[in-house]
Amino acid sequence: MLVKPSIISGLVRLTSHSPSSSSSVLRRQEFLVRTLCGSPIIRAMSSTSEADAESVLRTVTPSLDLKRHKGQAGKIAVIGGCREYTGAPYFAAISALKIGADLSHVFCTKDAAPVIKSYSPELIVHPVLEESYSISQLSEEDKREVQDKVLGEVGKWMERFDCLVIGPGLGRDPFLLECVSIIMLLAKKSNVPFVIDGDGLFLVTNSIDLVHSYPLAVLTPNVNEYKRLVQKVLNCEVDEQNAEDQLRSLAKQIGGVTILRKGKSDLISNGETVKSVSIYGSPRRCGGQGDILSGGVAVFLSWAQQLKSDPESPSENPAILGCIAASGLLRKAASLAFTKHKRSTLTSDIIECLGESLEDICPAS
Ligand SMILES: NC(=O)C1=CN([C@@H]2O[C@H](COP(=O)(O)OP(=O)(O)OC[C@H]3O[C@@H](n4cnc5c(N)ncnc54)[C@H](OP(=O)(O)O)[C@@H]3O)[C@@H](O)[C@H]2O)[C@@H](O)CC1
Ligand SMILES: Nc1ncnc2c1ncn2[C@@H]1O[C@H](COP(=O)(O)OP(=O)(O)OP(=O)(O)O)[C@@H](O)[C@H]1O
Ligand SMILES: [Mg+2]
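Scoring rules and cut-offs
Residues numbered from 1 in each chain as written. Chains lettered and ligands numbered in written order. Predicted model: local features only at pLDDT ≥ 70, side-chain atom pairs only at ≥ 80, totals over all residues. Heavy atoms only, no water. Buried < 20%, exposed > 50% of the residue type's maximum accessible area, 1.4 Å probe, protein only. Helix = DSSP H or I, 4+ residues; strand = E, 2+ residues; numbered from the N terminus. Pairing = 2+ DSSP bridges. Phe/Tyr/Trp six-rings, centres within 6.5 Å; stacked < 30°, edge-to-face > 60°. Near = heavy atom within 4 Å. Polar contact = N/O pair within 3.5 Å; in protein donor to acceptor, adjacent residues only side chain to side chain. Areas by Shrake-Rupley, 256 points an atom, 1.4 Å probe, with all protein chains shown as cover. Nonpolar A, V, L, I, M, F, W, Y, C, P; charged D, E, K, R; others polar.

Undergrad: Whenever I open this one, the pairing of strand S5 (residues 163–166) confuses me. Can you help?
TA: As a general feature of sheets, a regular strand has side chains that alternate between the two faces. Neither face of S5 is left uncovered, since the one carrying Cys163 and Val165 and the one carrying Leu164 and Ile166 both have all their residues buried. Pairing geometry for strand S2 (residues 75–79) and S5, over 4 bridges, is parallel. Across the sheet, Ile79 pairs through a bridge with Ile166, a residue of S5. Relative to strand S6 (residues 194–196), S5 runs parallel, the two being bridged by 3 bridges.

Undergrad: What's the story with the packing of aromatic side chains in this structure? I'm lost.
TA: Each pair of aromatic rings is reported with the distance of its centres and the angle of its planes. For the structure on display, the rule yields 6 aromatic pairs. Seen in terms of ring centroids, Tyr90 and Phe91 are 5.9 Å apart; in terms of plane orientation they differ by 55 degrees. Their pairing is tilted. The class for Tyr90 is buried, based on a relative accessible area of 18%. When the ring of Phe194 is compared with that of Tyr214, the centres are 5.1 Å apart and the planes differ by 35 degrees; the resulting orientation is tilted. A residue pair is termed long-range when its members are at least 10 positions apart, and Phe194 in strand S6 and Tyr214 in the loop between helix H10 (199–206) and strand S7 (217–219) qualify at 20 residues.

Undergrad: I'm lost on the site of ligand 2 in this one. Help?
TA: Lining the immediate environment of ligand 2, one finds 14 residues, of which Asn222, Lys262, Asp266, Gly288 and Gly290 sit closest. Interatomic distance of 3.5 Å between a backbone N/O atom of Gly263 and a nitrogen atom of ligand 2. Gly288 places a polar main-chain atom, nitrogen or oxygen, 2.7 Å from an oxygen atom of ligand 2. A total of 620 Å² of accessible area belongs to ligand 2 in isolation, and the protein chains cover 77% of it. For the shell around ligand 2, the secondary-structure elements that each account for two or more residues are helix H13 (289–307) and helix H14 (318–341). The leading source of residues in the shell around ligand 2 is H13, at 4 residues. Of the residues that constitute the shell around ligand 2, the class distribution is 2 nonpolar, 6 polar and 6 charged.

Honestly, it's all geometry; don't read function into it.
Next comes the structure, spelled out in structure tokens:
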């Protein structure tokens, strides 16, 4: 018997939206859903497969080895942080360290730098980005000089980084975004992978060429950011009934970049495969959880890239592995934080649970 997945999802909606599950009709519907979802036909027809996030985490996380030197477990840079937002770049950068990267830099505006530095002495903070208001009195020529200086400051570090996270708390200032566009070109020239999140997605959605066909680009849109991407690139609205196919088309249309669509289940595609991570996280939706994820993707992607030199390494694309690992770990940490803090769970509580959650899957010794 062939049953379309859309019929199944319709049935799931029917049962889950009903006020009571006590009637015999509903019980029959629930039985049908359970039976059909468990059938091999339906499993084979489903275009998405649930990733085994724990096994990916075990595969990509390097063992701690006394022979390794500082930097080998990852050097990450976050490009973000402006007058309004200082939390987002901090969350991304500190999460990278808490997961296991050796060094975490933040390139932010001059106003944001002292604030971010004061959150943590662990981060290396570069107050180099400029917003329009701070250069409004300058001539066009002087503005170009400022831009060159910004690019020089970031460029001299570029080849040392294993991955960039571009966008958490970046803001939308036009002068700043122009500089960040050129930083992306520099990263591509040096083959440095990057994760685009937050306002970085605002920039990329309006200039898709910045990431088009760059295989080392990962986009991590939330619900709003995804909607804007779909509208701009596919020229249509988000289609929840065909979410996996639409995500695959979107990634393909952007030349095979990897997209992690955040939501109740995280969906990941590079235009070919579609994977989901649905393990239970937390019902708290406090701001900043996406920032943890972007820092995590950067670290796990870097580790998965290192594995490529190993002949026994998994054949899966490192960007996909990085997304699966980061999503799985964030969800596990969010769940643990929620058991401890319930309604008062905050992003900082989840960050505190990253170590314990990873330890549970990949013990340090
Ligand atoms: N503690 C912190 O520092 C945190 C900081 N965070 C940082 O916040 C930034 C935005 O991320 P977010 O997640 O609020 O974006 P999202 O859901 O698209 O927007 C919701 C609505 O707001 C609006 N809007 C947004 N930005 C706007 C702007 N600059 N100017 C004008 N409108 C703007 C947007 O409107 P629209 O674009 O649809 O017109 C939408 O309706 C990003 O840098 C993120 O990293 C977060 O990571 C959380 C923790
Ligand atoms: N409805 C949901 N149920 C369970 N988990 C969710 C849900 N929505 C998002 N998440 C989880 O929270 C993480 C962050 O997603 P979210 O959509 O909050 O990002 P964001 O809006 O970019 O966050 P930020 O506030 O950092 O900008 C995702 O990895 C996802 O696993
Ligand atoms: Mg976000």
